[in-house]
Amino acid sequence: MGSEINLQNARLLISAGEIRQFPGMPLPQVALSGRSNVGKSSLINTLLGRKALARVSSAPGKTITVNFYDVSGKLLLVDLPGYGFAKRPPAEKAKWSALTDGYFTNNKNIDRLKLVLQLIDLKVGPTADDVMMLRYLTACELPFAVVATKTDKLNSTGRTAALKALHDHPDIPADAPILPFSALSGEGKSEVWSTVLDHI
């Protein structure tokens with residue numbers, strides 16, 4: 001962990017419900033993308049060593065905002081709204097698309113985006129929505145790493161098979177890091193951080 005980043009000094013900067021609210025700070029950005037219940041809040045809390053900086057929602061996908069976390073004035077962690085939540089009304093799905101697409105295509109600070117952490121539930125494997133997102137990131141030539149979440153839910157045989165399936169997946173480039181992660185055990189925290197620091 002880079003000594004210059006003080007994790008005690010992390011805060012939610014803004015929950016942006018509109019593109020115009022995206023902050024213009026000259027900091028590198030790392031975005032988190034994934035399904036509504038894949039564990040993005042848990043990853044943020046684990047990375048920042050906090051219990052509840054990012055709220056873990058009991059109703060996944062309830063709030064459609066892009067949440068920007070200022071980490072010690074050195075980095076912005078950008079929590080994109082979760083996708084693939086079937087019960088959403090069409091108007092909310094449209095808002096999700098506008099905000100997420102806007103972050104990638106209508107964002108005056110997109111050059112500050114250094115890495116996307118694409119979260120995939122290791123037990124579930126890539127869903128159709130995950131594959132769509134992976135293809136989108138590849139088409140936009142955005143650097144990304146796959147964070148395979150909830151590793152604690154698999155035994156060692158299942159885990160090995162699931163990780164192999166990710167490594168062999170046609171929509172995950174051979175050079176994209178695949179990082180097993182568990183919020184429960186803390187596994188993968190240092191690997192995720194070192195990948196982030198390599199890119200920023």
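As the structure is a computational prediction, the values presented were derived from the model and not from experiment.

Q: Sorry, what's going on with the sheet that holds strand β7 (residues 178-180) here?
A: Picture the strands of a sheet paired through backbone hydrogen bonds; they go either parallel or antiparallel. Across the sheet, which stays open at both edges, the 7 strands sit in the order β1-β3-β4-β2-β5-β6-β7 with mixed pairing between neighbours. Of all the strands in the sheet, just β1 (10-16) and β7 have a single pairing partner and so form its edges. If you compare each strand with its neighbour and ignore which way they point, the axes differ by 25 degrees on average. Bridge count for strand β6 (residues 144-149) against β7 is 3 bridges, and the pairing is parallel. Looking at β7, one finds that Val147 is bridged to Leu179. Sitting on the sheet, helix α1 (residues 40-47) touches β2 (29-33), β3 (66-71), β4 (75-79), β5 (113-121) and β6, and the angle it makes with β2 is about 145 degrees. This element, helix α2 (residues 90-105), spans β1, β2, β3, β4 and β5 of the sheet and lies at about 145 degrees to β5.

Q: Whenever I open this one, helix α5 (residues 189-199) confuses me. Can you help?
A: Side chains three or four residues apart in an α-helix point the same way, a direct result of the helix having 3.6 residues per turn. Three or more residues of α5 are buried, namely Val192, Trp193, Thr195 and Val196. For α5, the buried positions fall inside an angular range of 160 degrees around the axis, keeping them on one side. Opposite its buried face, α5 presents the exposed residues Ser190 and Asp198, each directed more than 90 degrees away.

Q: How should the pairing of β2 be read in this particular structure?
A: The side chains of a regular strand alternate between both faces of the sheet. Where burial is concerned, most of β2 is hidden: 5 out of the 5 residues are buried. Burial along β2 is two-sided: the face carrying Gln29, Ala31 and Ser33 and the face carrying Val30 and Leu32 are both buried. With 5 bridges joining them, β2 and β5 adopt parallel strand pairing. Bridge assignment links Ser33 to a residue of β5, and that residue is Gln118.

Q: Hey, could you run me through helix α4 (residues 156-167) in this one?
A: Relative to the 16 Å expected for 12 residues at 1.5 Å per residue, α4 spans 16 Å between its end C-alpha atoms, a close match to the ideal helical length. Those residues of α4 lying buried are Ala162, Leu163 and Leu166. The buried residues of α4 occupy an angular sector of 100 degrees when projected down its axis, which confines them to one face. α4 presents Thr157, Thr160, Lys164 and His167 as exposed residues on the side facing more than 90 degrees away from its buried surface. In this fold, the buried residues of α4 make contact with β5, β6 and β7.

Q: I keep staring at the packing of aromatic side chains and nothing clicks. Help me out?
A: Pairs of aromatic rings are described using the distance from one ring centre to the other and the angle between the two planes. On inspection of all chains with the given rule, the structure shows 6 aromatic pairs. A ring pair is formed by Phe22 and Tyr103, whose centres lie 5.9 Å apart and whose planes are at 65 degrees; its orientation type is edge-to-face. With Phe22 in the loop between β1 and β2 and Tyr103 in helix α2, this pair connects stretches of sequence that are 81 residues apart. In terms of burial, Phe22 and Tyr103 fall into one category: buried. Pairing Tyr83 with Trp96 gives two aromatic rings, centres 5.9 Å apart and planes at 75 degrees, and the pair type is edge-to-face. With Tyr83 in the loop between β4 and α2 and Trp96 in helix α2, the pair connects residues that are 13 residues apart, well separated along the chain. Comparing Tyr83 with Trp96 shows no difference in burial state: the two are buried. Connected via pairs of aromatic rings, a cluster forms that spans Phe22, Phe68, Tyr103, Phe104 and Tyr136.

Definitions and cut-offs
Residues numbered from 1 in each chain as written. Predicted model: local features only at pLDDT ≥ 70, side-chain atom pairs only at ≥ 80, totals over all residues. Heavy atoms only, no water. Pairing = 2+ DSSP bridges. Helix = DSSP H or I, 4+ residues; strand = E, 2+ residues; numbered from the N terminus. Axes fitted to C-alpha atoms, helices over the stretch in contact; angles between N-to-C directions. Contact = heavy atoms within 4.5 Å. Buried < 20%, exposed > 50% of the residue type's maximum accessible area, 1.4 Å probe, protein only. Arc of directions from axis to C-beta. Expected span 1.5 Å × (residues − 1). Phe/Tyr/Trp six-rings, centres within 6.5 Å; stacked < 30°, edge-to-face > 60°.

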